[in-house]
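Understanding the architecture of this molecule
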Amino acid sequence: MTTQHARDLGTLPKAHLHLHFTGSMRIGTLADLAAQHGIPLPEALTESWPPRLHATDERGWFRFQRLYDVARSCVRGEADLRRLVREAAEDDAAEGSRWLEIQVEPTSYAPFVGGLTPALEIILDEARAASLEVGIGVGVIVAASRVRHPLDARTLARLAVRYAGSRPGDVVGFGLSNDERRGQLLDFAPAFEIARRGGLALVPHAGELLGPASVQDTLSVLRPDRIGHGVRCVEDPRVMHEVADAEVTLEVCPGSNVSLGVYPRASEVPLPALLEAGIPVALGADDPLLLGTRLVAQYAMARQDLGLDDEELATLAAGSVRGSQAPEEVRRQALADIEHWLTNASVARGAQGPELVGAPLSRHSEGSDQPAPSSS
Ligand SMILES: [Zn+2]
């Protein structure tokens, strides 16, 4: 249709629910911090950036983690932590994001600022300040790592719950990240139980490096509100329909999938099949520092490589807002503005708009425009 490529994806209001703290860093900021702290950077993070990863095998994943560790080691004191939060907020706001849930595993920063609690408090404080000054709400997801001891996950869950809330600068969720092939899911269930009782949204990673069984296990063991990635549930229609029935939002990151070699090209990311099954989806950038693409690029891939039209892209944006933990007034405004983006741009461009005016934003099952249930 004539409106297919008419609208600016940068002005499409959206929420960003899958962005890691270190991975959000600008490549220029990494260069600055590395120079400041005297840390040599590998070529993959300088001249040859962005790196080619293909992390679906152990060696590739090891390389990805090694680059990640180098980047993480460049983030040291309070000023660095604040700079990362501030720049992530600025970059997201510049891409039309109204609400960002940034995911942090604070353990590695803790020694530089006197412990886990100060590390998290600095990040929350800056998230609150940036939200006031940058024009975006920033909530924080505390994520445990699968490669650490499950008792560490419980410690993090208890810490996260102390700062739980739904305002900018609050902890809004609890995640589980790192190599899906490591650790036993069941061992992390007690940490997730602490987070659930504390009212946090549960947002573990699954179904990216591992197939549909990992999604099914995550659904039954952790009972999540959202799943990071989860795309490989399409390999088993039964699991895919379980995700749809549970109304669990999948945080789909096409750029990450391609860069890590989960799919050979963006046109093979099974986003249309997920939408067709009625699964709520929120597009995310994952780790722009290592993967080379930010938020708007994910929507551009959905448009160019997967053939989604503007109405479907608006549906995705609405899915990100509904799947978020954003305060009610932020959600309402963003959803109204998404509709405005869809109707107004068609008028401005003189395209055929009448069939879009008042069109439902969602092609999911009925009731999908109800606010998502709270995580508690
Ligand atoms: Zn991730």
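Just so it is clear, the model here is predicted, and its values are computed rather than measured.

Cut-off values and rules
- Residues numbered from 1 in each chain as written.
- Predicted model: local features only at pLDDT ≥ 70, side-chain atom pairs only at ≥ 80, totals over all residues.
- pLDDT = per-residue confidence, 0-100.
- Contact = placed C-beta atoms within 7 Å.
- Axes fitted to C-alpha atoms, helices over the stretch in contact; angles between N-to-C directions.
- Helix = DSSP H or I, 4+ residues; strand = E, 2+ residues; numbered from the N terminus.
- Left-handed = near helix turned anticlockwise from the far one by under 90°.
- Nonpolar A, V, L, I, M, F, W, Y, C, P; charged D, E, K, R; others polar.
- Buried ≥ 20, exposed ≤ 12 C-beta atoms within 10 Å, placed from the backbone.

A look at the confidence of the model for the protein
- Per-residue confidence for the protein gives a mean pLDDT of 90, with 90% of residues at or over 70.
- For the stretch residues 347-376, pLDDT sits under 50, and the model shows 44 contacts to residues farther than four places along the chain or on other chains.

As for the packing of helix α3 (residues 78-94) against helix α5 (residues 116-134)
- Packing of α3 against α5 leaves a shortest axis separation of 9 Å and a crossing angle of 35°. Crossing hand, α3 versus α5: right-handed. Where α3 approaches α5, its residues E78, L81, R82, V85, R86, A89, E90 and A93 are matched on the opposing element by A119, I122, I123, E126, A127, A130 and V134.
- Partitioning the contact of α3 with α5 into residue classes produces ten nonpolar, no polar and five charged.

A word on the environment of S131
- Relative to the elements of secondary structure, S131 occurs in helix α5.
- Classification of S131 as buried rests on a count of 21 C-beta atoms within 10 Å.
- Between the C-alpha atom of S131 and that of P168, which follows or precedes it by 37 residues, the distance is 6.3 Å.
- Sequence-distant contacts of S131, that is, excluding residues within four places in its chain, are made with I136, G137, V138, P168 and G169.

Examining unusual backbone geometry
- W49 connects to P50 through a cis peptide bond whose omega is -5°.
- By secondary structure assignment, the location of P50 is in the loop between α1 (27-37) and α2 (58-73).
- If you check the backbone angles, R223 has positive phi at about 45° while not being a glycine.
- You can see R223 is positioned in the loop between α8 (212-222) and β7 (226-229).
- Taking the C-beta count within 10 Å as the criterion, R223 has 14 such neighbours and is therefore assigned partly exposed.
- The phi angle at E247 is positive, at roughly 55°, despite the residue not being glycine.
- In this structure, E247 sits in the loop between α9 (237-246) and β8 (249-252).

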